[in-house]
Amino acid sequence: MLVVSACLAGMKVRYNGTDCLEDVIGEMVSSGKAVTVCPEILGGFQTPREPAEIQGGTGEDVLDGTARVLDRSGADVTDQYVAGAAETLAICRKMGATEIVLKENSPSCGSSMIYNGDFSGEKIPGEGVTTALLRRHGIKVWSEEDAVNEFV
Ligand code: SF4
């Protein structure tokens, strides 16, 4: 069973209450070939919520305790991000999933790019907190762009 970011399947779980539907992924979920997760909702957030970015590093650094996740108001939300990553890993294990498709650029789900931490819209190479944890446990993480090319 494939696991996918809920926002890619059309669920309005992004920080601003929107989705980022990819038709192919939505169809995989509606046909029962994939199940959805949203690490931030699993970590205890609600929608809408303040946007947050990793400050001082990437998801790997957050897991190592050398970077933090702060929302735009400056609140430290690192614990929720780490909790959501752990919940997502637990779901992947329960489902027997070895691959997951996660939304690029997110501080949770990004797999090759994330925002740089100053809320300017600038991106840097790196991965989100959930992606980092899943990769540490041997789960293959695809971005939606890679997945659409791979699975269509
Ligand atoms: Fe949830 Fe990840 Fe989509 Fe953000 S990018 S809304 S954490 S599934």
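All of these numbers come straight from a predicted model, not from anything done at the bench. (Residues numbered from 1 in each chain as written. Predicted model: local features only at pLDDT ≥ 70, side-chain atom pairs only at ≥ 80, totals over all residues. Heavy atoms only, no water.)

Let us look at the sheet that holds strand β1 (residues 2-5). Spatially, the four strands line up as an open sheet ordered β2-β1-β5-β8, and their pairing is parallel. At either margin of the open sheet sits one strand with a lone partner, and together these are β2 (34-37) and β8 (140-143). Along the sheet, successive strands turn relative to each other by an average axial angle of 30 degrees, direction set aside. Pairing analysis gives two bridges linking β1 to strand β5 (residues 99-102), with the strands arranged parallel. Paired with Val 3 across the two strands is Ile 100, which belongs to β5. Helix α4 (residues 78-95) contacts β1, β2 and β5 of the sheet and is inclined by roughly 165 degrees relative to β2. (Pairing = 2+ DSSP bridges. Helix = DSSP H or I, 4+ residues; strand = E, 2+ residues; numbered from the N terminus. Axes fitted to C-alpha atoms, helices over the stretch in contact; angles between N-to-C directions. Contact = heavy atoms within 4.5 Å.)

Right, let's talk about the pairing of β2 for a bit. Looking down a regular strand, the side chains alternate between one sheet face and the other. As defined by bridge partners, β1 adjoins β2 across four bridges and the pair is classed as parallel. Across the sheet, residue Leu 2 finds its bridge partner in β2, namely Ala 34.

As far as function goes, none of this settles anything; it's purely spatial.
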